[in-house]
Amino acid sequence: MTIFKQKLIVGTRSSKLAMAQTNQFIKKLLAAYPEMPRDSIEVKTIKTSGDQNQTDRLDQIGGKGLFAKEIEMKIKNGEIDIGIHSMKDMPANDTTDLSIGCWLERSDHRDGLVASSNTSLHDIYSGSVIGTSSIRRRSQLINLRSDLTIKSLRGNVDTRIQKLNNKEYDAIVLSVAGLKRLSLDHLVSYKFSVDEILPASCQGAIGIQLRSSNEELKSFLSPINHNSTEFLCQLERDVLRVINANCNSPIGLYASEIENNIILQCEIFDHHGQKIYKNKLQSHKNLADDLGKKMGDDILSSIGQEKINQLDKLENDFDYSP
């Protein structure tokens, strides 16, 4: 596919956030190819297993990969050409015969607090009910404020905000990038620094998935691929691959570039909010290709594979009370 001889069929979830991400991709593609008519791009919405089950905990029904499975099947059987994904929801290991062929520039990587009292986590009163569906955020919040109540929160962004407005929660924690894409970032009362909460691997990044063998399509998308985002996010994913962890685990990862140096940070928590691993590796960007592997090897030598495996699933109730 060089210049359009056929439609480009794009698969995405149907949520407002997924559609916003898809529209961001389309806008960038049309800017790269001004001669390309908008109607040569067809968008198919796909309901994934994660969308269909809005009640059970993700770690108990198969993990965040449930938001991708049906999209991946349709790429494989040729119903769609590409799938648009929030990369923080994607397993670290690529699905057989599929790969991320294009990365859009990473947006804000941070987590944000949306509080009914418009306050920070440090000032919110003891015993406040904080909503999240993330095992990582759960452990990090307990580590920061063990006097708060953590309560499970599923649903799309609108649903979560509505539950906050209904006073079911005093505050909720969401991705700042997601709120920005929905023009809702004005609701954020506090943005966590990476010193407070390390984000999930690839948080804020959008990936375009396609058949690994489709080099023509990958080449076509290359003008909009953000190389720095791809490199940094792949380092984060390398860590998860080495330690065989998934995107549900209480692991914060963030790679950044400052003055030609790559900095890779990692923190791992147990389910009681105790920090069991913390490390920061740094290298010149020309020598940083194996930084993720080095971090992963250090994690395995420090806490071991058995412990990592135990963290993949929360055995007790998600809700936490001090």
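Residues numbered from 1 in each chain as written. Predicted model: local features only at pLDDT ≥ 70, side-chain atom pairs only at ≥ 80, totals over all residues. Heavy atoms only, no water.

**Q** Whenever I open this one, the overall build of the chain confuses me. Can you help?
**A** In terms of regular secondary structure, the chain is built from 11 helices and 13 strands. For 322 residues, the compact-globule estimate of 2.2 N^0.38 gives 20 Å, and the chain sits close to it at 20 Å. For the chain, the spread of C-alpha atoms along the three principal axes comes to 60 × 45 × 35 Å. Burial statistics for the chain: of 322 residues in total, 55% are counted as buried. Residue pairs at least 24 apart in sequence account for 71% of intrachain contacts in the chain once pairs closer than 6 positions are excluded. Here the chain has roughly 14,000 Å² of accessible surface; of this, 45% comes from carbon and sulfur atoms. In the chain, 41 positive and 42 negative side-chain charges are present, and the distance between their average locations comes to 3 Å. (Helix = DSSP H or I, 4+ residues; strand = E, 2+ residues; numbered from the N terminus. Rg over C-alpha atoms; globule rule 2.2 N^0.38 Å. Buried < 20%, exposed > 50% of the residue type's maximum accessible area, 1.4 Å probe, protein only. Contact = heavy atoms within 4.5 Å. Areas by Shrake-Rupley, 256 points an atom, 1.4 Å probe, with all protein chains shown as cover. Lys, Arg positive; Asp, Glu negative; His and termini not counted. Charge placed at Lys NZ, Arg CZ, Asp CG, Glu CD.)

**Q** I keep staring at the pattern of salt bridges and nothing clicks. Help me out?
**A** Once their charged atoms are close, side chains differing in charge can pair, the charge on each being opposite to the other. Scanning the entire structure with this criterion turns up 16 salt bridges. A salt bridge links Glu 257 to Lys 285, with the shortest nitrogen-to-oxygen separation between them at 3.5 Å. Of this pair, Glu 257 sits in strand β11 (residues 251-258) while Lys 285 sits in the loop between β13 (275-284) and α10 (291-302), and the two are 28 residues apart along the sequence. Among the residues examined, Lys 285 registers a relative accessible area of 33% and is labelled partly exposed. A cluster of three or more residues bridged by salt bridges with shared partners is formed by Asp 108, Arg 110 and Lys 180. (Salt bridge = Lys/Arg side-chain N within 4 Å of Asp/Glu carboxyl O.)

**Q** When you look at the state of the cysteines in this model, what are you seeing that I'm missing?
**A** What makes a disulfide is a covalent bond joining the sulfur atoms belonging to two cysteines. For the structure on display, the rule yields zero disulfides. Cys 102 forms no disulfide, and the closest cysteine sulfur to it belongs to Cys 233, at a distance of 12 Å. For Cys 102, a relative accessible area of 0% corresponds to the buried category. Sulfur of Cys 266: no disulfide; nearest cysteine sulfur belongs to Cys 202 and is 13 Å away. Here Cys 266 falls in the buried class, since its relative accessible area comes to 0%. (Disulfide = S-S within 2.5 Å.)

**Q** Hey, could you run me through the packing of aromatic side chains in this one?
**A** Aromatic rings considered in pairs are described by the distance between their centres and by the relative angle of their planes. Under the criterion given, the structure shown has two aromatic pairs. Summarising the aromatic geometry, the rings of Tyr 33 and Phe 220 are spaced 4.2 Å apart at their centres and angled 10° between planes, so their arrangement reads as stacked. With Tyr 33 in the loop between α1 (16-32) and β2 (41-45) and Phe 220 in helix α8 (residues 215-221), the pair connects residues that are 187 residues apart, well separated along the chain. Under the relative-accessibility criterion, Tyr 33 is labelled buried at 14%. (Phe/Tyr/Trp six-rings, centres within 6.5 Å; stacked < 30°, edge-to-face > 60°.)

**Q** I would appreciate a short explanation of the pairing of β13 in the present structure.
**A** Regular strands place side chains that alternate from one sheet face to the opposite one. Two elements, strand β12 (residues 261-269) and β13, share nine bridges in a ladder whose sense is antiparallel. Bridge pairing in β13 places Ile 263 opposite Gln 282. Between β12 and β13, which follow one another and run antiparallel, lie five residues, and Gly 273 among them has a positive phi close to 85°. (Pairing = 2+ DSSP bridges.)

**Q** Sorry if this is basic, but what is going on with the nonpolar core here?
**A** Across soluble globular proteins, nonpolar side chains show a tendency to be buried alongside one another. Among the nonpolar cores identified, the biggest contains 21 residues, and Ile 251, Cys 266, Ile 268, Met 295 and Ile 299 are the most heavily contacted of them. Every element with two or more residues in this core is listed here: α9 (227-242), β11, β12, α10 and α11 (305-311). Met 295 has contacts with Val 239, Leu 264, Gln 265, Cys 266, Tyr 277, Asn 279, Lys 280 and Leu 281, leaving out every residue within four places of it along the chain. Grouped together as the second largest cluster of nonpolar side chains are 19 residues, Ile 84, Cys 102, Leu 221 and Ile 224 included. (Core = buried A, V, L, I, M, F, W, Y, C linked by side-chain atoms within 4.5 Å.)

**Q** Help me understand the packing of α9 against α10 in this model?
**A** To describe two helices that pack against each other, one gives the angle between their axes and the distance between the axes. Between α9 and α10, the least distance of the axes is 7 Å, while the angle of their chain directions is 35°. When the axes of α9 and α10 are compared, the crossing they make is right-handed. Judged by residue contacts, Leu 235, Asp 238, Val 239 and Val 242 of α9 engage Leu 291, Gly 292, Lys 293, Met 295, Gly 296, Asp 297, Ile 299 and Leu 300 from α10. Broken down by class, the residue content of the contact of α9 with α10 amounts to seven nonpolar, two polar and three charged. (Axes fitted to C-alpha atoms, helices over the stretch in contact; angles between N-to-C directions. Left-handed = near helix turned anticlockwise from the far one by under 90°. Nonpolar A, V, L, I, M, F, W, Y, C, P; charged D, E, K, R; others polar.)

**Q** What should I look at first to understand the environment of Asn 286 in this one?
**A** Tracing the sequence through the fold places Asn 286 in the loop between β13 and α10. Sequence spacing of Asn 286 and Tyr 169 is 117 residues, and the spatial spacing of their C-alpha atoms is 46 Å.

**Q** I keep staring at α9 and nothing clicks. Help me out?
**A** An α-helix turns once every 3.6 residues. As a result, residues three or four positions apart point the same way. With 16 residues, α9 extends 22 Å from end C-alpha to end C-alpha; this agrees with the ideal 22 Å at 1.5 Å per step. Restricting attention to buried positions, one finds in α9 the residues Thr 229, Leu 232, Cys 233, Leu 235, Glu 236, Arg 237, Asp 238, Val 239 and Leu 240. Buried residues along α9 sit against β4 (98-103), β11, β12 and α10. With its phi angle positive at about 55°, Asn 244 sits one or two positions after the end of α9. (Expected span 1.5 Å × (residues − 1).)

**Q** Help me understand unusual backbone geometry, please; the structure alone is not making it clear to me.
**A** For residues besides glycine, phi is generally negative; the peptide bonds are generally trans as well. With phi around 70°, Lys 167 is a residue other than glycine that occupies positive phi space. Mapped onto the elements of the fold, Lys 167 is located in the loop between α6 (157-165) and β8 (171-175). Taking the relative accessible area as the measure of exposure, Lys 167 reaches 64% and is therefore exposed. With phi around 70°, Asn 260 is a residue other than glycine that occupies positive phi space.

All we've got here are geometric facts, nothing functional implied.
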